[in-house]
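Secondary and tertiary structure notes
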Protein chains: 2
Amino acid sequence: MKIAILGTGQTRFGELWEKSLTDLAQEAAQEALKNSHLTIKEIDALFVANMLAGKLDNQVHLGPLIAEKLNFSGPSFRIEAACASGGLAIREAILSLLSGEYQKVLVLGVEKMTDYSTTQISEALMSAASEEEKLAGFTFPSLFALIANAYLKKYKVSERKLAAVSVKNHYHAQFNQKAHFPFKITLNQVLQSPAVAEPLKLLDCSPISDGAAAVILSNNQSSDPGSESYLRSGIVSIIASAQATDTLNLSQRGDLTQLSSVKKAAQKAYQMAKIKPQEIDLAEVHDCFTIAEILALEALGFYPKGQGAQAAAKKETYLQGKLPINTSGGLKACGHPVGATGVKQIVEITHQLKGKAGQRQVKKAQIGLTENIGGTGGTAVVHILTNKN
Amino acid sequence: MKIAILGTGQTRFGELWEKSLTDLAQEAAQEALKNSHLTIKEIDALFVANMLAGKLDNQVHLGPLIAEKLNFSGPSFRIEAACASGGLAIREAILSLLSGEYQKVLVLGVEKMTDYSTTQISEALMSAASEEEKLAGFTFPSLFALIANAYLKKYKVSERKLAAVSVKNHYHAQFNQKAHFPFKITLNQVLQSPAVAEPLKLLDCSPISDGAAAVILSNNQSSDPGSESYLRSGIVSIIASAQATDTLNLSQRGDLTQLSSVKKAAQKAYQMAKIKPQEIDLAEVHDCFTIAEILALEALGFYPKGQGAQAAAKKETYLQGKLPINTSGGLKACGHPVGATGVKQIVEITHQLKGKAGQRQVKKAQIGLTENIGGTGGTAVVHILTNKN
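These remarks concern the structure in this document. Here the structure is a predicted model, which means the values were calculated and not measured. (Residues numbered from 1 in each chain as written. Chains lettered and ligands numbered in written order. Predicted model: local features only at pLDDT ≥ 70, side-chain atom pairs only at ≥ 80, totals over all residues. Heavy atoms only, no water.)

1. Digging into the overall build of chain A
Rule in force here: Each helix corresponds to a stretch of at least 4 residues labelled H or I by DSSP, and each strand to a stretch of at least 2 residues labelled E; elements are numbered beginning at the N terminus. Radius of gyration: C-alpha atoms only; globule rule: 2.2 Å multiplied by the number of residues to the exponent 0.38. Only protein chains enter the accessibility calculation, which uses a 1.4 Å probe. A residue is then buried if its area is under 20% of the maximum for its type, exposed if over 50%, and partly exposed in between. Here, residues are in contact when the closest pair of their heavy atoms is within 4.5 Å. Exposure was quantified through the Shrake-Rupley algorithm and a 1.4 Å probe, taking into account, for residues, occlusion by the shown protein chains and nothing else. Only four residue types enter the tally: Lys and Arg on the positive side, Asp and Glu on the negative side, with His and both chain ends excluded. The atoms used to mark charge sites are NZ of Lys, CZ of Arg, CG of Asp and CD of Glu.
Each helix and strand in chain A was counted, giving 15 helices and 11 strands. A compact globule built from 389 residues should have a C-alpha radius of gyration of about 21 Å, and chain A, at 19 Å, falls within 12% of that. Counting only C-alpha atoms, chain A reaches 55 × 45 × 35 Å along its principal axes. By the burial criterion, 67% of the 389 residues in chain A qualify as buried. Counting contacts in chain A only where the partners sit at least 6 residues apart, residues at least 24 apart contribute 77% of the total. In the structure as shown, chain A presents an accessible area of about 13,000 Å², 50% of it carried by carbon and sulfur atoms. A distance of 8 Å separates the average location of the 40 positive side-chain charges in chain A from that of its 35 negative side-chain charges.

If you want it as structure tokens, here you go:
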């Protein structure tokens, strides 16, 4: 598999009250079109990733809605797989390119979340959980708190290790102008922030954000737009795409401390790309809560079970470390506009592999990975990207 | 393109208060597995079509939910494109097979609608329309009434011609045990039924239904399950799949009396299958309202503009006519569990092309077509099927 990334776009993530969902979608799409030197007429299909507009804004028909705003008349539709919507839209776009049906497609992830009350958002997000979990009174922080407690107990890890993940991701976000929270925080600030669901504190949790991200993908390696500067910066390709499913109910899983769907998807992706986890230079992982980043590092094969908690604490996953994780700031500090997240991960890795990540550039990065999950890991999507030819 | 249909399943459509969404999903899936002689372990991926569970039941994460119930551990996710969700799920499944990523996939359309109040359903369905249309107070009956009025006026057609479509589809439904309304009605009953949005009356409108439909698709023509009876009944294949988009807003279209997205998708599909509209032996079209069937017949190239209204009135689209349309009873009489509809259309045409449609069997049918739209035609999906090798 080799799918070329022709262009990328991203709005700032944050509380963007002055912009509507379609404003954000247009901004990200136009940027991706501009930097790929393409017009909308050259795009064969539009894939829109969004989770919540149906529930929050009573609008599910986002394909034709955004197509109308972009003056696009080709096939368009929405992909939804809870918080993995963005990653899955990338994957479905890739499969459609591999089928030969389309040559160039636009994948757009967008979410508008900050115009609603906390109650509305909290209820809407629970649409990614099971009925049983809803009836038992769970929220996503409390579901991930169960996981975190099981992990801390099993591996005798302290809450400081969770907090270290948040500190690292905020450290990275200070170099990202598009981040929701582009500033550093301290370990004590995390530990002293209010408890949301023990052991998770406010600063262990990713925020509610508005934002959009877009990428233009092509199945034709030679379909470069001819721009010299574009060619000089090299073509980044997606060389593996994999998806896996776990039970929706946390109660049906054998081991709370393992993201089985991520493990399965990663194994498939490594096989497809013919590489080992050790060859990955950097990754964007789904740190909806600090514990989720730790479990991701283990499920992706970067750390043995129980050792993922050491990564941020020992600074190994910092920008300057041996395996930089979430250089964008991750969901925690870059923000988490749900449908946009999986697409933004691809945007960040593309910037890094093109050497265009500015102050947060990882040196000599050649292979990057993205990991995007839905719910507590019921859905997992993994992609591998490279700038090698 | 040649995608084999290995099995089909369908629940009865209707007010199925004793069955939950996952009950319906399991019933249709198990039937499809059974009649394809496959076990769930032999399926590579699960595509779930559903529109309303997010809004009505606060449940969007249907891939892992239904996977868990089916004891399925492969990739699974939900496809949503308003009332075209089912057709689009079929299309995305086909593209994933053509990409070579999967060999056998299960496509499941399911909707649970009758447990909610009319107000809840009416509001939820408007999630497929534009903001402007919602603010103006439109509902789907009134949007299609605008279209119907424009058509009746432009082509000097009487309301009796609309009613004839409903009478035909009820005539067909009497032979379909799975239909929501398996009985005949008269032209006068339609004309005398209460006005919903002039000129559309109650019996011009498809109902609110529960139901599920499933198909198992394969990219391997030789992957027959080896059953003699299966082989005797012949393999039905999908030989064309096309999707097109129109503006979401009705007000942005040049001509209210034409379904441009259907026309575009149909042209692509005919080109792909290398056939002409005249070669189609029967079709299932999206008669959410009687006027929609008439416009579909014209957009699909079966009748010139303004002539589609004659079809049912002259009995040409009856079971025994020259071009049987909606032998299942259509959305009107078989029922319209939104996410299931596009999948059920494929199930019906498959039954017909296998010669297994019982009392409603169309004689010597070799090529069938399905047309599924979302909203007022913002999304359109067209498939062509055949039993020829």
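Once the structure has been displayed, the description carries forward.
2. Thoughts on the nonpolar core
Applied cut-off: Among buried residues, those of type Ala, Val, Leu, Ile, Met, Phe, Trp, Tyr and Cys that are joined through side-chain atoms within 4.5 Å constitute a nonpolar core.
Formed by 78 residues in total, the largest nonpolar core has its most connected members in Val107 and Leu217 of chain A together with Val107 and Leu217 of chain B. Contacts of Val107 of chain B, omitting those with residues within four sequence positions, involve Phe47, Ala89, Ile90, Ala93, Ala213, Ala214, Val215, Leu217 and Val343 of chain B.

3. Here we look at the interface of chain B and chain A
Defined as follows: Reported buried area values correspond to the accessible surface (1.4 Å probe) lost by two parts on association, with both partners' losses combined. One speaks of a salt bridge when a side-chain nitrogen belonging to Lys or Arg is within 4 Å of a carboxyl oxygen belonging to Asp or Glu. When residue character is reported, Ala, Val, Leu, Ile, Met, Phe, Trp, Tyr, Cys and Pro are called nonpolar, Asp, Glu, Lys and Arg charged, and the others, Gly included, polar.
Contacts between the two partners involve 56 residues from chain B and, on the opposite side, 56 residues from chain A. Of all residues in chain B, the largest losses of buried area upon contact with chain A belong to Asn58, His61 and Glu68 of chain B, amounting jointly to 16% of the total for that side. One salt bridge in this structure joins Arg91 of chain B and Glu101 of chain A, with 2.9 Å as the shortest N-O distance. Those elements that place two or more of their residues in the side of chain B that touches chain A are helix H2 (53-57), helix H3 (62-70), strand E3 (76-80), helix H4 (85-98), helix H5 (118-125), helix H6 (131-135), strand E8 (236-245) and helix H11 (260-273) of chain B. Among the elements that take part in the side of chain B that touches chain A, H4 of chain B stands out by supplying six residues, more than any other. Within the side of chain B that touches chain A, the residues separate by chemical class into 21 nonpolar, 21 polar and 14 charged.

4. Here we look at unusual backbone geometry
Cis geometry is adopted by the peptide bond preceding Pro199 of chain A, which originates at Glu198 of chain A and carries an omega value of 5°. Mapped onto the secondary structure, Pro199 of chain A falls in the loop between strand E5 (195-197) and strand E6 (200-201). Its identity is not glycine, yet Lys156 of chain A carries a phi of approximately 50°, on the positive side. Residue placement: Lys156 of chain A occurs in the loop between helix H7 (140-154) and helix H8 (159-173). The residue His37 of chain B is not glycine, and still its phi comes out positive at about 55°.

5. Brief notes about the packing of aromatic side chains
Residue and element names in this part refer to chain A. As a reminder, the rule being used: Pairing of aromatic rings covers Phe, Tyr and the six-membered ring of Trp, with a centre-to-centre limit of 6.5 Å; geometry is then stacked below 30 degrees between planes, edge-to-face above 60, and tilted otherwise.
Per the stated rule, a full pass over the model turns up 12 aromatic pairs over all chains. Centroid distance Tyr171 to Tyr318: 5.3 Å. Interplanar angle 50°. Geometry classified as tilted. Here Tyr318 lies in the loop between helix H13 (310-313) and helix H14 (330-334) and Tyr171 lies in helix H8, a separation of 147 residues in the sequence. On the basis of relative accessibility, which here comes to 8%, the residue Tyr318 falls in the buried class. The structure contains a cluster of three or more aromatic residues connected by ring pairs, namely Tyr171, Phe175 and Tyr318.

6. Some points on the environment of Val190 of chain A
Residue and element names in this part refer to chain A. Tracing the backbone through its elements, the reader meets Val190 in helix H9 (residues 187-192). Looking at Val190, the relative accessible area reads 0%, which means it is buried. With 27 residues separating them in the primary sequence, Val190 and Ala163 have C-alpha atoms 5.8 Å apart. Dropping the residues within four chain positions of it, Val190 is found in contact with Ala163, Ser166, Val167, Ile185, Lys201, Leu203 and Asp204.

7. What about the side chain of Thr370 of chain B?
Here Thr370 of chain B lies in strand E10 (residues 367-374). If we skip the residues at most four places from it in the chain, Thr370 of chain B touches Glu284, Gln345, Ile346, Ile349, Val381, Val382, His383 and Leu385 of chain B.

8. Comments concerning the relation of the copies chain B and chain A
What counts is decided by this rule: Superposition of the copies was done by least squares, using only C-alpha atoms of residues whose pLDDT is at least 70 in both.
Note on the copies: chain B fits chain A at an RMSD of 0.0 Å, the axial shift is 0.0 Å, and the rotation between them is 180°. Expressed as an axis order, the relation between the two copies is that of a two-fold axis. Ranked by how close their C-alpha atoms come to the rotation axis, the residues of chain B are headed by Ser99 of chain B, at 1.9 Å. Of the residues that chain B buries at the interface, 100% are likewise interface residues in chain A, meaning the two copies contact each other through the same surface.

9. Some thoughts on the packing of H4 of chain B against helix H15 (residues 338-353) of chain B
All names here are of chain B. Note the following rule: Lines fitted to C-alpha atoms define the axes, with helix axes restricted to the stretch in contact, and inter-axis angles between N-to-C directions lie between 0 and 180 degrees. In what follows, roughly perpendicular refers to angles from 65 to 115 degrees, roughly parallel to angles under 35, roughly antiparallel to angles over 145, and oblique to any angle outside these ranges.
The interhelical angle for the contact between H4 and H15, taken along N-to-C directions, is 60°, at an axis separation of 5 Å. One finds that H4 runs oblique with respect to H15. Taken together, the residues of H15 that come into contact with H4 (itself represented by Ser85, Gly86, Gly87 and Ile90) are Gly339, Gly342, Val343 and Ile346.

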